[in-house]
Amino acid sequence: QVQLVESGGGLVQPGGSLSLSCVASGSIFNINTMGWYRQAPGKSRELVADISSSGMTNYADAVKGRFTISRDNANNTIYLQMNSLKPEDTAVYYCRLYSILSRAQYWGQGTQVTVSS
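First, a word on scope: everything that follows refers to the structure included in this document. (Residues numbered from 1 in each chain as written. Predicted model: local features only at pLDDT ≥ 70, side-chain atom pairs only at ≥ 80, totals over all residues. Heavy atoms only, no water.)

## Focus: the pattern of salt bridges
For clarity, the threshold we go by: Throughout this description, the term salt bridge denotes a Lys or Arg side-chain nitrogen within 4 Å of a carboxyl oxygen of Asp or Glu. Partly exposed residues are those whose accessible area sits between 20% and 50% of the maximum for their type, while under 20% is buried and over 50% is exposed, using a 1.4 Å probe and protein chains only.
This model, assessed by the stated rule, comprises four salt bridges. One salt bridge connects R38 with E46, and the closest N-O pair in it is separated by 2.8 Å. Exposure remark for R38: the relative accessible area of 7% places this residue in the buried category. Taking the relative accessible area as the measure of exposure, E46 reaches 39% and is therefore partly exposed.

Here is the structure:
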């Protein structure tokens with residue numbers, strides 16, 4: 001089993017910044033993709049950004065140029081640096097790990113990000 005624990009959410013004013021972290025533990029294989037998804041009230045969960053174990057990144061158009069995803073393989077941790085936040089970025093942000101070998105996916109419990117003045 002794999003456990004994912006997110007941290008770093010909160011309330012920030014428009015134009016501000018927040019950083020999220022997600023630590024994975026358990027039966028983790030080296031070859032995996034980790035990423036951040038978000039779900040706003042009344043909307044479907046959507047990809048924000050993901051990063052492969054080799055460091056290849058993928059971003060949603062809505063966050064390109066504002067958000068940066070990174071990972072620390074030695075500590076099984078990914079980060080999401082969010083800059084120039086907008087009210088429409090308000091959502092619960094979830095960490096996801098997809099194991100290439102087992103083809104299993106795991107989710108964290110989510111962390112709330114609220115962008116409001």
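## So, the state of the cysteines
Here is the rule we go by: Note on terminology: pairs of cysteine sulfur atoms within 2.5 Å are recorded as disulfides. Counting from the N terminus, the helices are the DSSP runs of H or I reaching at least four residues and the strands are the DSSP runs of E reaching at least two.
According to the stated counting rule, one finds one disulfide in the structure shown. The side chain of C22 participates in a disulfide bridge whose partner is C95; the two sulfur atoms lie 2.0 Å from each other. Because the sign of the S-S torsion sets the handedness, a value of about -80° for the bond joining C22 and C95 places this disulfide among the left-handed ones. One end of the pair, C22, is in strand β3 (residues 18-26); the other, C95, is in strand β9 (residues 91-99), with 73 residues separating them in the sequence.

## Description of the packing of aromatic side chains
Heads up, the condition is: When two rings of Phe, Tyr or Trp (its six-membered ring) have centres within 6.5 Å they constitute a pair, described as stacked for plane angles under 30 degrees, edge-to-face for angles over 60, and tilted for the intermediate range. Distance and angle both matter: a charge sits over a ring if NZ of Lys or CZ of Arg is within 6 Å of the ring centre and within 35 degrees of the ring normal.
If you walk through the whole model with that rule in mind, you get one aromatic pair. Relative to W107, the ring of Y37 has its centre 5.1 Å away and its plane inclined at 70°; by these criteria the two rings are edge-to-face. Of the two residues, Y37 sits in strand β4 (residues 32-39) while W107 sits in strand β10 (residues 105-107), which places them 70 residues apart along the sequence. The partly exposed category is assigned to W107, whose relative accessible area is 32%. Directly above the aromatic system of Y94 lies the positively charged group of R45, at a separation of 3.7 Å from the ring centroid. R45 extends its terminal NZ or CZ atom over the ring of W107, reaching a point 4.6 Å from the ring centre.

So far we have only geometry, and geometry alone does not tell us how the molecule works.
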